[in-house]
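Survey of secondary and tertiary structure
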Amino acid sequence: MKVTQFAKSFRFKLLLISKLTLMNTLSLSVDSRTLRRELMIRNLVVSAGLGMAMLLTMSSCKSDDDQPLPELKSATYTSSSLALTYEGEAMPGKSVEVSYEKSAESGGSRMATLRMYSEFDLSQLTGTGLSGNVAGPGVLPGSPIEELEVTMIPGEGCYTFSGSASTDYVDYRYSGNLRSGLLTLNLTECALKSQTFAGMTFSPAPIEKDGLLDYTSLPFHLVWEIDPASGVDIPLSDILKGIVVAPVIPVYNNTAYTSIAEMMCSGIKTLNLTGSGNIPVVYVSTVGGAAHLATTCGNMLQYVPQAGGMKLYVNPLSALSEILVALSKPSSDAEFVTKAGESSADGSLVSGLDPKVKAAFIQALAVTFAPQLSEGIPLSLTPAQNGVDIYFDTKTSVTFLSTILENMLKNPEIVQALQTYLSELKLPGMSQEEMAGIVQNLPGFLEKTTRLEVGLSLAKYTPAATN
């Protein structure tokens, strides 16, 4: 008897037994402890049998109507033809190319190779002027392209496959099935081979000031040094700190101003480095108009440890969807996958951010990181007093900062506000006129840069710190 037929028959018989048992129960004297005990045991057996029948039914990939097996032919599954999950969460923007061995094994099984990868169309970043396809991060952290050999086992209406596998960085289990026009692939029990950072949770370091530009704590790691032979003697690291704390970014239809540092502290609550390689981020969302805490899809950001730091893998579709939606619909970030709904008294400054400023950040991120999406963005990691500093190397930092500055200098309102703010700062050895002119000279300083580190300063998260 076929599996599903057996499951249906078995389930029907068990349901009948269950009903008869219930009728017997009603006819018994409630004073008979022995009989009640026997009925209790009998009902437990019936319940277990029913559960087994349900599992048998669920494990079959056949619907109620007979369906033929799909044709096994080489094809690429992506978008709506691919149902891919990593640790139970959907993973958009990926592709799986399936190819088969020519000969079938006994029982009709076929060996197949699943080639997993991703590509990203830059033209989806509307308003940035970018176009063309770039290779994206792979399905598994650390592997831009991964080939998995599986055995396709014929079932009723589909082929199924399952097993365990390993890459240079991740051990994992897989299961799935192939129907006509749809490939389902679930990756579970994913574990990084290096658990160096597993379980660590951080929050942005708070803004704490001690003096004019002497900050004991900032949510950013900023170091900028230029060639001494250039004759420029300017404390660029301090000026960078002054820029990120300057209240010059218009929000709420230009009725208020905020700083990059304040946006970071108010918008991002925690980052968690999991043992599976995922980095879920808890942030402030304003879906529906009321600020509340939400969590990104876990596999939006992934990592693998490496010497001196880690490599970061960013799923561009997940990471940029919230910003892109915000550009056209400032009140909605519905495409940003969420799974938390805890209320918060904090408002989101990002929701009121000038769309032009958002577009500038998107372009800077895309230009800087698009070439590194597939191989991972290298991040250095340095222990800090109460957490860690995670930052880009000099080459990546120069590209990112130069793109940001190029876009900022196109916005007269931001330039004027920043010049006014810097001119009011009194740095030793610099006049107000020199400070005001620094903004326009920053791109030139980048050409003489010998060391530039731009990144995050993170504090170890403690629940008490957010109460």
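Here, every reference points to the structure presented above.
This section reports on the structure supplied with the text. (Residues numbered from 1 in each chain as written. Predicted model: local features only at pLDDT ≥ 70, side-chain atom pairs only at ≥ 80, totals over all residues. Heavy atoms only, no water.)

1. Section: the overall build of the protein
Counting secondary structure elements, the protein contains nine helices and 24 strands. Every one of the 467 residues in the protein was classed for burial, and the buried ones make up 47%. Excluding contacts between residues fewer than 6 apart, the proportion of contacts in the protein whose partners are at least 24 apart in sequence is 63%. Looking at the protein as shown, the accessible area adds up to about 23,500 Å², and 55% of this sits on carbon and sulfur atoms. (Helix = DSSP H or I, 4+ residues; strand = E, 2+ residues; numbered from the N terminus. Buried < 20%, exposed > 50% of the residue type's maximum accessible area, 1.4 Å probe, protein only. Contact = heavy atoms within 4.5 Å. Areas by Shrake-Rupley, 256 points an atom, 1.4 Å probe, with all protein chains shown as cover.)

2. Considering empty space enclosed by the protein
Using the criterion set out here, one finds four cavities of 30 Å³ or more in the structure. Estimated volume of the second largest cavity: approximately 50 Å³. Where the lining of the second largest cavity is concerned, the elements lending two or more residues are β5 (110-121) and α5 (316-328). Ranked by the residues each element gives to the lining of the second largest cavity, the list is headed by β5, at three residues. Looking at the lining of the second largest cavity residue by residue, the classes come out as five nonpolar, three polar and two charged. (1 Å grid on protein atoms, 1.4 Å probe; cavity = no way out; pocket = protein on both sides within 12 Å on 5 of 7 lines; lining within 4 Å. Points joined across faces, edges and corners; volume = space filled by probe spheres on them. Nonpolar A, V, L, I, M, F, W, Y, C, P; charged D, E, K, R; others polar.)

3. Some words on the layout of surface pockets
In this structure, the largest pocket encloses a volume near 370 Å³. Residue lining of the largest pocket: 19 residues in total, with Ala205, Thr216, Ser217, Leu218 and Ser457 positioned closest to the centre. For the lining of the largest pocket, the secondary structure elements donating two or more residues are β13 (215-217), β14 (220-226), β23 (387-391) and β24 (449-460). Here the residues of the lining of the largest pocket are counted per class, giving nine nonpolar, seven polar and three charged.

4. Observations concerning the pairing of strand β10 (residues 182-192)
By the bridge criterion, five bridges tie strand β2 (residues 82-86) to β10 in an arrangement that is parallel. Residue pairing in the sheet places Leu84 in a bridge with Leu185 of β10. As consecutive antiparallel partners, strand β9 (residues 170-179) and β10 are separated by two residues, and within that stretch Gly181 has a phi angle of approximately 80°, a positive value. (Pairing = 2+ DSSP bridges.)

5. Section: the nonpolar core
Of all hydrophobic cores here, the largest spans 94 residues; its most connected members are Val98, Met152, Tyr172, Leu187 and Trp224. In this view, Val98 contacts Lys73, Ser74, Ala75, Tyr77, Ala112, Thr113, Leu114, Met152 and Leu183; residues no more than four positions away in its chain are not counted. (Core = buried A, V, L, I, M, F, W, Y, C linked by side-chain atoms within 4.5 Å.)

6. Describing helix α7 (residues 394-408)
For α7, which comprises 15 residues, the first-to-last C-alpha distance of 21 Å matches the rise-based estimate of 21 Å (1.5 Å per residue) to within 8%. By the burial criterion, the buried members of α7 are Thr396, Ser397, Phe400, Leu401, Thr403, Ile404, Leu405, Asn407 and Met408. (Expected span 1.5 Å × (residues − 1).)

7. Regarding the side chain of Gln372
Positionally, Gln372 belongs in the loop between α6 (355-369) and β22 (377-384). Contact partners of Gln372, with chain neighbours within four places excluded, come to Ile377, Pro378 and Thr396.

8. Quick notes on the pattern of salt bridges
In the structure shown here, the tally under the stated rule is three salt bridges. Among the ionic pairs, Glu97 bridges to Arg115, the shortest N-O distance being 3.8 Å. Note that Glu97 is positioned in strand β4 (residues 94-100) and Arg115 in strand β5, a separation of 18 residues in sequence. The partner of Arg451 in a salt bridge is Glu225, with the nearest N and O atoms 3.3 Å apart. On the criterion of sequence distance, the pair formed by Arg451 in strand β24 and Glu225 in strand β14 is long-range, its members being 226 residues apart. (Salt bridge = Lys/Arg side-chain N within 4 Å of Asp/Glu carboxyl O.)

9. Section: the packing of aromatic side chains
By convention here, two paired aromatic rings are described through the distance between centres and the angle between planes. Here the structure, examined in full by the defined rule, presents six aromatic pairs. Ring centres of Phe369 and Phe392 lie 5.0 Å apart, and the angle between their planes is 45°; on these two criteria the pair is classed as tilted. Note that Phe369 is positioned in helix α6 and Phe392 in the loop between β23 and α7, a separation of 23 residues in sequence. Both rings, one in Phe369 and one in Phe400, keep their centres 6.1 Å apart while their planes meet at 25°; by these two values the pair is stacked. Of this pair, Phe369 sits in helix α6 while Phe400 sits in helix α7; the two residues are 31 residues apart in sequence, bridging distant segments of the chain. (Phe/Tyr/Trp six-rings, centres within 6.5 Å; stacked < 30°, edge-to-face > 60°.)

10. Considerations on the environment of Cys158
You can see Cys158 is positioned in the loop between β7 (146-154) and β8 (159-166). For the pair Cys158 and Leu183, spaced 25 residues apart in the sequence, the C-alpha separation amounts to 9.8 Å.

11. A few points about the pairing of β4
Within β4, five of the seven residues are buried, which leaves it mostly tucked inside the rest of the structure. Relative to β4, strand β1 (residues 75-78) runs antiparallel, the two sharing four bridges. The partner of Thr78 across the bridge, within β4, is Ser95. Pairing geometry for β4 and β5, over seven bridges, is antiparallel. Paired with Ser95 across the bridge in β5 is Tyr117.

12. Details of unusual backbone geometry
At Glu87, a residue that is not glycine, the phi angle is positive and equals roughly 55°. Of note, Glu87 is situated in the loop between β2 and β3 (89-90). Judged by relative accessible area, which is 33%, Glu87 ranks as partly exposed. In this structure, Glu189 is a non-glycine residue whose phi angle is positive, near 50°.

13. Things to note about the environment of Ser74
With respect to the helices, strands and loops of the structure, Ser74 is situated in the loop between α2 (33-59) and β1. Along the chain, Ser74 and Tyr100 lie 26 residues apart, while their C-alpha atoms are 6.5 Å from each other. If we skip the residues at most four places from it in the chain, Ser74 touches Val98, Ser99 and Tyr100.

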